[in-house]
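Architecture and fold: a report
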Amino acid sequence: MKAEEQSNGNGALCVGIDLGTSRSAISSSNGGQFAVDSFVGWPADLVARKVLKRDLLVGRDALENRTMLELHRPLERGLLKEGSDRDLQAARELLRHLLSLVGGKNGKNRPVRAVVGVPAATMRTNKQYLRNALSGVVDSLMIVSEPFAVAYGLNALLHTLVIDIGAGTTDFCVMKGRYPTDEDQRSLTLAGDSIDAHLQNAVQAKYPKAQFTVFMVREWKEQHSFVGEPPAPVVVTAPVDGVPTELDITAEMRSACESIVAPIVETMIDLLTQVEPEFQGQVRNHVILAGGGGLIRNLGPTLEKALDRLGGGKVTVTDSPMFVGSDGGLAIAQDAQDGDWERLKH
Amino acid sequence: MESSIQPNRLKAQVIRAAVQENADVIAGRLPAPLRPARRLLLAWRRRAWMLALPAIVVVWASVANRTDAVQPAATAAIAGEPEKPRRDAAGRDANRATEAAPLDPSLLSRPVAAGALALGVHRVVLDAGHGGEHLGASSRSGLHEKDLTLDLAGRVRQLLIDRGIEVVMTRTGDQTLSLRQRAEAANAGRGDIFVSIHLNSLQPASVRGIETFYLGPSGRPEHDEVAAKENEHSGYSLADMRMLLDTIYADARRHESRRLAETVQRALVARLREQDAGIPDRGVKTAPFIVLVATEMPAILAEVSALSNPRDAARLATPGYRQTIAEALVSGVQDFIDHKDTAERKHPSES
């Protein structure tokens, strides 16, 4: 955590939030930095409420007690699910929880200025919906594309391609020294969740009697994901006919992780070839891989290999994939002027 | 790469732009590059040479001829319409704009990322064509397009709500709305897709069938004719049309609009042929309808039957047939949402 809070107009608390389909992160101007699983649950009945002794559970807490909960994952493909009041309520509770972790809105009547990252291809209607959903939770809100927040936080606003692999979407953004336009950005819905689905199906096909959930699959992926040659056999444990059994899922893990490589390469190259010719080399040598997908072993070198056919390039995996987006959002929040925030009040 | 001063200036610039984009969303404004004044300026700068007088004269003359050619049909279609002069002017403008704004083929063939727009449909804007003073097409038996489209929109609305989809109606009664007002209502309603319901008026009266339009250059007189009829009372000038079309023809939502048009057309043909096996499939087409230009979401205009055809008109008089049309429209929307449209069709206007 940072040692001291940076000053900001009116004593406001600035936060950057990466509202993720699977996991959300917050970075705050008072030095807070937290990540929570994007799950919210309410006790399913009176018995559950008595056992849990709480009316609301958020994050890992909710996941671990999910059998007793009406569990909600309020985001889908990086966006708030629309049409369900309960999902909307879950989104607000998730935000409130994140803010409470950094001391925002805990009775201290201190204005909160939030920058929230969303997928690059988010439509204006979705942004408006998010803004309405967060009304009353934060005082002023700025919504930016997630890869732009990453680029801002890394001071990479010029001749850079950011690839942000989250759970719901993989977002691309070419930074050309300006605020990115629609042409500079892309979103693919092939990301962490699609790897999970692929892996779940493949393991189920190989071990039909094995019992496991998507939550177990996600944990396996987070521990063992890789592309290319396996660094080591991937062996996990799951019950088969009730007996804990070791399952070798090396080939399935590789296949699942590699399922997103071709679309990412294709989109990356497509965006690169649309950069002005004299700058293409600089952008190729400044590709940043962020988000949870950046932790897939050997993905960076694999993308570099794909760049060879364009003359070579360099892919850098960010040091802190989990917080690089929220840190970028925080940097934007702190750099924005008081007058800017006035315009963005709820 | 950057000097010690540049990064701060750059950061200030991008934050200003981010704040402006957010302020636009809050105010419900179009993004700056799509606003008429900015668009006009940019387009003028980019294409000043295209606006040279000789070119305009040539195009003007050629389109004027075309408009004259379609005039009788338009007049026949909207017999009894009290504002014929205004209609004529608007229709002519629309046709001129179509001809005067040649497209860069590379824009039309630019691929759209598959995931870019697959972000969910939760709210549908339904536009019941015509209304109030604008009767639309009329049958010999005295049915008016404005009444039937309102009835159909109401049925579609209920079916969509039953499926948990929110609905915004551009009109819920016999109101006179300009096309600009319809588009503004749709944009303010923040719908995910826009479906404009119309009934065709075709000549000769023996011609009938179903056709669905999305925005694009038609290049075919018969489509211009339909667009001219539907664009009357738009109030858009030739310059407005040119700028709008320049921007929108290359818009990513055009791909989604085509997809929506295909699923709706397919569902309409399939369902209506269950009751009338011979009803012609006139296909998915492109034309420059104002409501499709000015709406910000994927948008289509469905001509669900021909009111000018006595056989279709007789069927349209029965609630059961109108309910079938409504169900077909909803089925098409649902197929669009479910991505049940893997079979891509090739359209003459895009080949």
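Numbers given to residues run from 1 along each chain, matching the order in which its sequence is written. Working convention: letters from A go to chains and numbers from 1 go to ligands, in the order in which they are written. Two thresholds apply to this predicted model, a pLDDT of at least 70 for residue-level local features and 80 or more for giving and counting side-chain atom pairs, whereas whole-chain, interface and lining totals are computed over all residues.

1. A word on the overall build of chain B
Secondary structure assignment for chain B yields 13 helices and 6 strands. Neighbour counting defines burial: a residue surrounded by 20 or more other C-beta atoms within 10 Å of its own C-beta is buried, one with 12 or fewer is exposed, and intermediate counts give partly exposed, using backbone-placed C-beta atoms. Per-residue burial for chain B yields a buried fraction of 48% across its 351 residues. Placing C-beta atoms from the backbone, we regard two residues as in contact once those atoms come within 7 Å. For chain B, the proportion of contacts with a sequence separation of at least 24, taken over those separated by at least 6, is 86%. Working definition: helices are DSSP H or I runs of at least four residues, strands are E runs of at least two. Numbering for both runs from the N terminus.

2. Describing the overall build of chain A
Looking only at helices and strands, chain A has 13 helices and 17 strands in total. Going through the 346 residues of chain A one by one, you find that 51% of them count as buried. Considering only residue pairs separated by 6 or more positions, chain A has 70% of its internal contacts joining residues 24 or more positions apart.

3. Some remarks on the pairing of strand 14 (residues 235-240) of chain A
Along any regular strand, the residues point their side chains to alternate faces of the sheet. Residue and element names in this part refer to chain A. A pair of strands counts as paired when DSSP detects no fewer than two bridges linking them. In the sheet, strand 14 pairs with strand 15 (residues 243-248) via 6 bridges, with the strands oriented antiparallel. Bridging from a neighbouring strand, T237 pairs with E246 of strand 15. Connecting the antiparallel pair strand 14 and strand 15 is a turn made up of 2 residues, with D241 showing a positive phi of about 50°.

4. Digging into the sheet that holds strand 17 (residues 315-317) of chain A
Residues and elements named next belong to chain A. Taken together, the 5 strands give an open sheet; going across it, the order is 13-12-11-16-17, and neighbouring strands pair in mixed fashion. Of all strands in the sheet, those with a lone pairing partner are strand 13 (185-188) and strand 17, marking the two edges. Geometrically, the sheet is characterised by an average inter-axis angle of 20° between neighbouring strands, direction not taken into account. Alignment of strand 11 (residues 158-165) against strand 12 (residues 170-176), held across 7 bridges, turns out to be antiparallel. When the bridges of strand 12 are listed, I163 appears paired with F172. Axis lines are fitted through C-alpha atoms, for helices just across the contact stretch, and the angle between N-to-C directions can take any value from 0 to 180 degrees. Sitting on the sheet, helix 11 (residues 299-307) touches strand 16 (287-290) and strand 17, and the angle it makes with strand 17 is about 165°.

5. What about the confidence of the model for chain A?
Per-residue confidence from the prediction method is given by pLDDT, with values spanning 0 to 100. The share of residues in chain A with pLDDT of 70 or more is 94%, and the mean pLDDT across the chain is 89. Within the model, pLDDT remains below 50 along residues 1-7 of chain A, and this stretch shows 9 contacts once partners closer than five positions in the same chain are excluded.

6. Focus on the pairing of strand 16 of chain A
All names here are of chain A. On strand 16, burial covers both faces: V287 and L289 on one face and I288 and A290 on the other are all buried. Pairing between strand 11 and strand 16: 4 bridges, direction parallel. Across the sheet, the residue bridging to L161 is V287, located in strand 16. In terms of strand pairing, strand 16 meets strand 17 through 3 bridges, oriented parallel.

7. What about the confidence of the model for chain B?
All names here are of chain B. Here chain B averages 70 in pLDDT, and 58% of its residues register 70 or above. Taken as a whole, residues 1-5 scores under 50 in pLDDT and shows 3 contacts with residues more than four places along the chain or in a different chain. Note that pLDDT drops below 50 for residues 46-56; the model gives that stretch 2 contacts with residues more than four away or on any other chain. For this predicted complex, the interface confidence comes out at an ipTM of 0.84, alongside a pTM of 0.55.

8. Concerning the environment of A:E246
Residue and element names in this part refer to chain A. The residue E246 is located in strand 15 in this model. Put simply, E246 and A210 are 36 residues apart on the chain and 10.0 Å apart in space, counted from C-alpha to C-alpha. Filtering out sequence-adjacent residues up to four positions away, E246 remains in contact with V235 and T237.

9. A few points about unusual backbone geometry
Residue B:P204 is reached from B:Q203 by a cis peptide bond, and omega for that bond is 0°. When you line up the elements, B:P204 lands in the loop between strand 3 (193-200) and strand 4 (210-215). Positive phi values are uncommon outside glycine, yet A:H159 reaches one of about 55°. Mapped onto the secondary structure, A:H159 falls in strand 11. A count of 21 C-beta atoms within 10 Å places A:H159 in the buried class. The phi torsion at A:N298 lies on the positive side, around 70°, for a residue other than glycine. Tracing the sequence through the fold places A:N298 in the loop between strand 16 and helix 11.

10. Observations regarding the packing of helix 6 (residues 192-206) of chain A against helix 8 (residues 250-258) of chain A
Residues and elements named next belong to chain A. Where helix 6 meets helix 8, the axes come as close as 8 Å, and the angle between the chain directions of the two elements is 150°. Judged by the angle between their axes, helix 6 and helix 8 are roughly antiparallel. Our pair here, helix 6 against helix 8, has a crossing hand that is right-handed. Contact residues: helix 6 offers I195, H198, L199, A202, V203 and K206, while helix 8 offers E252, M253, S255, A256 and C257. When the residues that make up the contact of helix 6 with helix 8 are grouped by side-chain class, the tally is 7 nonpolar, 2 polar and 2 charged. The scheme is simple: roughly parallel for angles under 35 degrees, roughly antiparallel for over 145, roughly perpendicular for 65 to 115, oblique for anything else. Less than a right angle of anticlockwise turn of the near helix away from the far helix marks a crossing as left-handed, whereas a clockwise turn marks it as right-handed. The residue classification treats Ala, Val, Leu, Ile, Met, Phe, Trp, Tyr, Cys and Pro as nonpolar and Asp, Glu, Lys and Arg as charged. All others, Gly included, are polar.

11. A look at the nonpolar core
Residue and element names in this part refer to chain A. Take the buried Ala, Val, Leu, Ile, Met, Phe, Trp, Tyr and Cys residues, join any whose C-beta atoms are within 7 Å, and the set you get is a nonpolar core. Counting residues in each nonpolar core, the largest one holds 100 residues, and the members touching the most others are V15, M142, L161, I163 and I332. Domain start and stop points were drawn from an automatic or database domain assignment. In this structure, this core is formed jointly by two domains, domain 1 (9-151 + 323-343) and domain 2 (192-258), each of which donates at least three residues. In contact with V15, other than residues within four places in its own chain, are I26, S27, S28, L99, V102, G104, V112, A114, L330 and A333.

12. Topic: the sheet that holds strand 9 (residues 112-118) of chain A
Residue and element names in this part refer to chain A. The strand order across the open sheet formed by 5 strands is 3-2-1-9-10, and the pairing between neighbours is mixed. The sheet is open, and its two edges are formed by strand 3 (33-37) and strand 10 (140-145), each paired on a single side. Averaged over all pairs of adjacent strands, the angle between their axes in this sheet comes to 20°, without regard to strand direction. Across 6 bridges, strand 1 (residues 13-18) lies against strand 9 in parallel orientation. Pairing of D18 across the sheet is with G117, part of strand 9.

13. Structural notes on the packing of helix 5 (residues 146-153) of chain A against helix 12 (residues 324-335) of chain A
Residues and elements named next belong to chain A. For the pair helix 5 and helix 12, the least separation of the axes is 7 Å and the interaxial angle reads 75°. Viewed along their axes, helix 5 and helix 12 adopt a mutual orientation that is roughly perpendicular. Facing helix 5, whose interface residues are E146, A149, V150, Y152 and G153, helix 12 presents V324, G325, D327, G328, G329, A331 and I332. By residue class, the composition of the contact of helix 5 with helix 12 is 6 nonpolar, 4 polar and 2 charged.

14. Describing helix 8 of chain A
Two residues of an α-helix separated by three or four positions point the same way, owing to the 3.6 residues in each turn. Taken as a whole, helix 8 of chain A has its buried residues at A:E252, A:M253, A:R254, A:A256 and A:C257. As for helix 8 of chain A, its buried residues are in contact with helix 6 and helix 7 (214-224) of chain A.

15. Quick look at the environment of A:L271
All names here are of chain A. Here L271 is to be found in helix 9 (residues 261-273). As a C-alpha pair, L271 and C173 span 98 residues in sequence and 8.5 Å in three-dimensional space. For L271, the contacting residues outside a window of four places in its chain are L161, F172, V174 and R186.

16. Quick word on the environment of A:A333
Residues and elements named next belong to chain A. As for its placement among the helices and strands, A333 is situated in helix 12. A333 sits in the buried class, given 30 other C-beta atoms within 10 Å. For the pair A333 and M142, spaced 191 residues apart in sequence, the C-alpha separation works out to 8.1 Å. Excluding its chain neighbours within four sequence positions, the residues that come into contact with A333 are C14, V15, G16, R113, A114 and V115.

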